[in-house]
Amino acid sequence: MLGLATGPVCLATCGPVVVPWMLVQPQGLRGHSRQLFLFLAARLAGYLVFACAVWLVGSAIPHALPQAWTGRSWLMGAVQVLLAGALVVYAAGWSHRRCVVAKTTGNLVQIGEAPVVKRSGALALGFLTGINLCPPFLVAGVRAAQLAHLSAALWFFFCFFAGTAVWFFPFLSLGFLKRTPAIVTVARMVAVLLACWYGFSGISILIERTFHG
Amino acid sequence: MASRSSALARPPAFRGVGRSILLTLPMALWSLLMFTPSFQHASGDHYIGAAAVILFMTGLFFLMMRTGETYRWRRIFFVALGFLFPVGFIAALVAERGTMSIPISRMVSGDTPFCFMVTPSIILPAAFARTVIFPGSILPTASNPHSIAIMIGLWFALTLVMGKAWCSYACFFGGIEEGFAALPKRRRLHRFITRFGAQLRLIPWAILVFVVLVSAAIFEPVYCMWLCPFKAVTEFPAVRNVETAIQMVVFIALFVGLVVVLPYLTKKRTQCGFFCPFGAFQSLFNKINLFEIRINREKCVDCGLCQTSCPTVALSKDSIREGKTLLNCMKCGACVDACKKDAAVWHLKGTPVAAKPERARLLFLYGTWALATMFGGSVLANGVHTLIGFLPLK
């Protein structure tokens, strides 16, 4: 119920990562379904890892969730920096390999060129959004830390994931959008802008933590 | 010698004086609206400002009728709007607050004047969370008449009539860069813009998607907080810490780069064409707007003059071949005026191309100029009134 209720917030928080990633994929419902499935699977893995971590910390320090797991923490800063990197590599499609290919063939890297579909992209982005700290996620984390058994914490997070995952299915509609070079280019530009945003936000948090504790 | 004298000779007037006056008469009557109490406070200076604006707007419309040119006369109005808006706005801010920065207390009380630029960012949070992510009030208050409902209503009404022409006749920001773009005689970076025009005009769309997604994620109007170049000449969050200092640096850098330097170098409206997300959003309304500019393929000789003259790169070789402008055309009329073969024409959707282009232009101009007089005219009058206040007359 918590997942279902807080779904719109999860949607808004993960939307900036999912939308450009889906838009750089080739048109078609099947491919989009596969990418979304991989993304959600990796996100679930991130949830479960987080559930283990908060339960272990919660059992070691009862009735208190350390600051390391709350908003504007080291973890949040690091995750956002990693998200920025993943967006540049996967959604924007900038990789060293593409540059090498372009150099050897003597061609410029074409911005609107359709990218190579990579499973690792959906997995990396899914896992990183899975451990990214957003308000509903923190609420779930507090609850999981207070549970008596690890299995209960994992089950709680699995149910929370299932509730929020329902809200991600509308993203499949992006599969119907016609893929023109313009749309792919815009999606890549968005990915670069978002990478700048996450990078700036993450580095700000890390600097704040370093100098102000 | 003969060619020199023919080059110096004035082109024949498009329309006679009497007929031009007749066509201008409805607009002159409409512009008397500027004298109504809702537009003016009862002060002598305000009436002087209003009278000057009436003469200005009516005179420009007369010249449009007389010469058959649109772009040149519209540009005069638009540049005046761009430069007089900050004059009136900043003077009002300084008189009321003593500073251009927005105090936190004012944000908390929801008294920040609403800016139409935020419109695309507030849609998703309003739809999903029933929350308006702008520190303004929905309904007008005594201290803030520029409420969210009033500004969005006004924008929507104008957009239905104008479509993307909003960016050429109503937006009070674009005039500043159009002024700087008009200054130099020679255009530089022309090859760069021709080579990368297709990518450059996609940037506003990318910024639009970015702004909408991130605003919904963090519940803040991201464009206002970080990306608006015009914060440098209107109002901005007070600089209190490193974050607000970075914001201020970004605002000034964007303003100097996109509104002053690049328009001067390229003679293009670089902020409007290659940055503004609201402009991209506004392009969508071109789809439902009745007026457009078309290229008559029977007359077109593919000289490329229309493409070169377009201030926002809204024409490409392919689009000219198809006889159309691109979605981001803001109907400024530059291509129509530049075309020596009369191939670029105003067009009313649903009618044959080039059947009655002047009728389409008149229909477009009556609606658009009337709204420009109502919306921009009050801004101009306020700016003129402010300038009169600076004169040592009393």
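Residues numbered from 1 in each chain as written. Chains lettered and ligands numbered in written order. Predicted model: local features only at pLDDT ≥ 70, side-chain atom pairs only at ≥ 80, totals over all residues. Heavy atoms only, no water.

Novice: Quick one: what's the story with the overall build of chain B, residue by residue and with numbers?
Specialist: Each helix and strand counted, chain B has 19 helices and four strands in total. Taking all 394 residues of chain B together, 52% fall into the buried category. Across chain B, contacts joining residues at least 24 apart in sequence account for 76% of those joining residues at least 6 apart. (Helix = DSSP H or I, 4+ residues; strand = E, 2+ residues; numbered from the N terminus. Buried < 20%, exposed > 50% of the residue type's maximum accessible area, 1.4 Å probe, protein only. Contact = heavy atoms within 4.5 Å.)

Novice: Please set out the overall build of chain A residue by residue, giving values where relevant.
Specialist: On a plain count of helices and strands, chain A comes out with eight helices and zero strands. When the helices and strands of chain A are listed from N to C terminus, the series reads α-α-α-α-α-α-α-α. Burial status across chain A gives 47% buried among its 213 residues. Considering only intrachain contacts with a sequence separation of at least 6, the fraction spanning at least 24 residues in chain A is 86%. Accessible surface for chain A amounts to roughly 10200 Å². Of this, 74% is attributable to carbon and sulfur atoms. (Areas by Shrake-Rupley, 256 points an atom, 1.4 Å probe, with all protein chains shown as cover.)

Novice: I'd like to hear about the side chain of Arg-97 of chain B, residue by residue, with values.
Specialist: Residues and elements named next belong to chain B. Take Arg-97: it is sitting in helix 4 (residues 71-97). Arg-97 gets classed as buried once you look at its relative accessible area, which sits at 19%. Contacts of Arg-97, omitting those with residues within four sequence positions, involve Ile-102, Pro-103, Arg-106, Pro-113 and Glu-235.

Novice: Kindly report on the interface of chain A and chain B, identifying the contributing residues and their values.
Specialist: Facing the 17 residues of chain A at the interface are 17 residues of chain B. Linking chain A to chain B there are zero salt bridges. Of all elements in the fold, only helix 1 (2-23) and helix 8 (181-212) of chain A reach the threshold of two or more residues within the side of chain A that touches chain B. It is helix 8 of chain A that provides the largest number of residues to the side of chain A that touches chain B, a total of nine residues. Of the residues in the side of chain A that touches chain B, the class split is 14 nonpolar, three polar and no charged. (Salt bridge = Lys/Arg side-chain N within 4 Å of Asp/Glu carboxyl O. Nonpolar A, V, L, I, M, F, W, Y, C, P; charged D, E, K, R; others polar.)

Novice: Account for the packing of helix 8 of chain A against helix 11 (residues 203-218) of chain B, with residues named and values stated.
Specialist: A pair of packed helices is captured by two measures, namely the crossing angle of their axes and the spacing between those axes. Remark: helix 8 of chain A packs on helix 11 of chain B, axes separated minimally by 8 Å, with the N-to-C direction vectors making an angle of 45 degrees. By the angle class used here, helix 8 of chain A and helix 11 of chain B are oblique. Crossing of helix 8 of chain A over helix 11 of chain B shows right-handed handedness. Across the interface between the two elements, Val-186, Met-189, Val-190, Leu-193, Leu-194 and Trp-197 of chain A of helix 8 of chain A pack against Ile-203, Trp-205, Ala-206, Ile-207, Val-209, Phe-210, Val-214 and Ile-218 of chain B of helix 11 of chain B. Here the residues of the contact of helix 8 of chain A with helix 11 of chain B are counted per class, giving 14 nonpolar, no polar and no charged. (Axes fitted to C-alpha atoms, helices over the stretch in contact; angles between N-to-C directions. Parallel < 35°, antiparallel > 145°, perpendicular 65-115°, else oblique. Left-handed = near helix turned anticlockwise from the far one by under 90°.)

Novice: Break down the pattern of salt bridges for me, citing the residues and quoting the values.
Specialist: All names here are of chain B. Taken as a whole and assessed by the stated rule, the structure comprises nine salt bridges over all chains. The salt bridge involving Arg-15 is made with Glu-358; its shortest N-O contact spans 2.8 Å. One end of the pair, Arg-15, is in the loop between helix 1 (2-8) and helix 2 (17-31); the other, Glu-358, is in helix 19 (residues 357-390), and 343 residues separate them in sequence. Per residue, the accessibility class of Arg-15 equals that of Glu-358, and both read buried. A salt bridge links Arg-361 to Glu-358, with the nearest nitrogen and oxygen atoms 2.8 Å apart. You can see Arg-361 and its partner Glu-358 sitting in helix 19, three residues apart, about one turn around the helix. Judged by relative accessible area, which is 1%, Arg-361 ranks as buried. Among the charged side chains, a salt-bridge network with shared partners connects Arg-15, Glu-358 and Arg-361.

Novice: I'd love a proper account of a nonpolar patch on the surface, names of residues and values included.
Specialist: Residue and element names in this part refer to chain B. Nonpolar side chains collect at one region of the surface, where Leu-22, Leu-25, Leu-29, Leu-32, Phe-35 and Tyr-47 lie side by side and expose about 570 Å² of accessible area between them. Take the nonpolar patch: its biggest share by element is three residues, from helix 2. Residue classification places Leu-22 among the exposed positions, given a relative accessible area of 59%. (Patch = residues over 30% accessible without salt bridge, like charges linked within 9 Å, V, L, I, M, F, W, Y side chains within 5 Å.)

Novice: Go over the confidence of the model for chain B, please, and point to the residues and values.
Specialist: All names here are of chain B. Counting all residues, the mean pLDDT for chain B is 88, and 94% of those residues have values of 70 or more. When mean pLDDT is compared element by element in chain B, helix 18 (residues 334-338) scores highest at 96, while helix 1 scores lowest at 45. The model gives residues 1-10 a pLDDT under 50, and that stretch makes zero contacts with residues more than four places away or in other chains. (pLDDT = per-residue confidence, 0-100.)

Novice: Requested: an account of the nonpolar core, with residues and values cited.
Specialist: In this structure, Phe-157 of chain A together with Phe-77, Trp-166, Tyr-169, Phe-173 and Trp-369 of chain B are the most contacted members of the largest nonpolar core, which totals 153 residues. Apart from the residues lying within four places of it in its own chain, the contact partners of Phe-173 of chain B are Phe-85, Cys-115, Phe-116, Met-117, Phe-230 and Thr-234 of chain B. (Core = buried A, V, L, I, M, F, W, Y, C linked by side-chain atoms within 4.5 Å.)

Novice: An account of the packing of aromatic side chains is needed here, citing residue identities and associated values.
Specialist: Residue and element names in this part refer to chain B. Under the counting rule described, the total for this entry stands at 41 aromatic pairs over all chains. A cation over an aromatic ring shows up here: Arg-74 above the ring of Tyr-169, its NZ or CZ 5.8 Å from the ring centre. In this structure, Arg-195 packs its charged tip against the face of Phe-196, placed 4.7 Å from the ring centre. (Phe/Tyr/Trp six-rings, centres within 6.5 Å; stacked < 30°, edge-to-face > 60°. Lys NZ or Arg CZ within 6 Å of the ring centre and 35° of its normal.)

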